[in-house]
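Residue strings, one per chain:
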Amino acid sequence: DQQVKQNSPSLSVQEGRISILNCDYTNSMFDYFLWYKKYPAEGPTFLISISSIKDKNEDGRFTVFLNKSAKHLSLHIVPSQPGDSAVYFCASLTGANNLFFGTGTRLTVIP
Amino acid sequence: DAGVIQSPRHEVTEMGQEVTLRCKPISGHDYLFWYRQTMMRGLELLIYFNNNVPIDDSGMPEDRFSAKMPNASFSTLKIQPSEPRDSAVYFCASSATPGLGERTDTQYFGPGTRLTVL
């Protein structure tokens, strides 16, 4: 059973526009959420995180929103740049180290 | 630091053969994780170690899979015998113990080993 779901396998956005990547989770015990970014032939790298006590966390062009009642989080990238083209994984944490990842969304930013 | 090192980067083998994947974590990190990435299931945690001791292996798919960490700088993931459905990218990651008041510490991933079982 996928406890973390990313229902959009791909997304294309024009450079300069906003990219919105979505993620849903099922386990109400998750209390910490992360986004990882992955380029081809490389491992995922940490991008941004949010605790369940917050509903928003911002870091430069990247903002993560959390809606606990809907068990939904989203990553906003604005403005999108061609270098943002990658696969983005949403992950949820329970316990100290058990990360549950989604299947990923491939973002393509068109110049 | 060179980051998490994995070898080999690519492995092609025939069904029934033994496969051994290797990982060197970042020096000073005391957590080590093995993940598997597939299109259908994304990234799945297989097992993780703390101070070389396996803590949670509930993600290991079956007895054909085994993992060891003989010392703080080396871990192996072995599949014996391998099957075509084991074909995937296997990632190793490491992290430090979270600081006081921190929820978790960032996991740093290696480049992965792409395994193909024919």
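So, here is what we can say about the structure in this document. (Residues numbered from 1 in each chain as written. Chains lettered and ligands numbered in written order. Predicted model: local features only at pLDDT ≥ 70, side-chain atom pairs only at ≥ 80, totals over all residues. Heavy atoms only, no water.)

When you go through chain A residue by residue, the secondary structure sums to zero helices and 11 strands. Reading the helices (α) and strands (β) of chain A from amino to carboxyl end gives β-β-β-β-β-β-β-β-β-β-β. The C-alpha atoms of chain A give 13 Å as radius of gyration, which agrees with the globular expectation for 111 residues (13 Å, within 12%). If you line up chain A on its principal axes, its C-alpha atoms span 40 × 30 × 20 Å. A total of 111 residues make up chain A; the buried ones form 45% of that total. Residue pairs at least 24 apart in sequence account for 53% of intrachain contacts in chain A once pairs closer than 6 positions are excluded. Carbon together with sulfur atoms contributes 49% to the accessible area of chain A, which is approximately 5,200 Å² in total. (Helix = DSSP H or I, 4+ residues; strand = E, 2+ residues; numbered from the N terminus. Rg over C-alpha atoms; globule rule 2.2 N^0.38 Å. Buried < 20%, exposed > 50% of the residue type's maximum accessible area, 1.4 Å probe, protein only. Contact = heavy atoms within 4.5 Å. Areas by Shrake-Rupley, 256 points an atom, 1.4 Å probe, with all protein chains shown as cover.)

As a further point, take the overall build of chain B. Counting its secondary structure elements, chain B contains zero helices and 11 strands. Helices and strands in chain B line up, N terminus first, as β-β-β-β-β-β-β-β-β-β-β. Relative to the globule expectation of 13 Å for 118 residues, the C-alpha radius of gyration of chain B, 14 Å, shows essentially globular dimensions. A buried classification covers 46% of the 118 residues belonging to chain B. A separation threshold of at least 6 residues defines the contact pool for chain B, and within that pool the share at least 24 residues apart is 55%.

This part is about the nonpolar core. Of all hydrophobic cores here, the largest spans 22 residues; its most connected members are W35, L73, L75 and Y88 of chain A. Contributing elements (two or more residues each) for this core: β3 (19-25), β4 (32-38), β5 (45-51), β7 (62-67), β8 (72-77), β9 (86-94) and β11 (105-110) of chain A. Apart from the residues lying within four places of it in its own chain, the contact partners of L73 of chain A are L21, N22, C23, Y25, F33, W35, V64, F65, L66 and C90 of chain A. One finds C23, L32, M60 and C92 of chain B within the second-largest nonpolar core, a separate group that totals 21 residues. (Core = buried A, V, L, I, M, F, W, Y, C linked by side-chain atoms within 4.5 Å.)

Often the size quoted for an interface is simply the accessible area lost on bringing the parts together. Of the residues lining the interface, 22 residues belong to chain B; the matching set on chain A comes to 22 residues. The contact between chain B and chain A buries some 1,700 Å² in all, and 51% of this surface belongs to carbon and sulfur atoms. Linking chain B to chain A there are zero salt bridges. Taken together, the residues of the side of chain B that touches chain A sort by class into 11 nonpolar, seven polar and four charged. (Buried area = accessible area lost by both parts, 1.4 Å probe. Salt bridge = Lys/Arg side-chain N within 4 Å of Asp/Glu carboxyl O. Nonpolar A, V, L, I, M, F, W, Y, C, P; charged D, E, K, R; others polar.)

Let's shift gears to the state of the cysteines. Tallied over the full model, the rule gives two disulfides over all chains. Disulfide pairing places C23 of chain A opposite C90 of chain A at an S-S distance of 2.0 Å. Between C23 of chain A and C90 of chain A the disulfide shows an S-S torsion of about -70°. By sign, it is left-handed. Taken together, the positions of C23 of chain A in strand β3 and C90 of chain A in strand β9 put the pair 67 residues apart, joining distant regions of the chain. With a relative accessible area of 0%, C23 of chain A lands in the buried category. The buried category is assigned to C90 of chain A, whose relative accessible area is 0%. C23 of chain B shares a disulfide with C92 of chain B; S-S distance 1.9 Å. (Disulfide = S-S within 2.5 Å.)

All names here are of chain A. On the surface, I18, I20 and V78 cluster together to form a nonpolar patch covering roughly 230 Å² of accessible area. Mapped onto the elements, V78 comes out in the loop between β8 and β9. Classification of V78 by relative accessible area gives partly exposed; the value is 43%. (Patch = residues over 30% accessible without salt bridge, like charges linked within 9 Å, V, L, I, M, F, W, Y side chains within 5 Å.)

Right, let's get into the environment of E42 of chain A. Tracing the sequence through the fold places E42 of chain A in the loop between β4 and β5. The exposure class of E42 of chain A is partly exposed, given its relative accessible area of 40%. Residues contacting E42 of chain A, with those up to four places away along its chain left out, are F91 and P111 of chain B.

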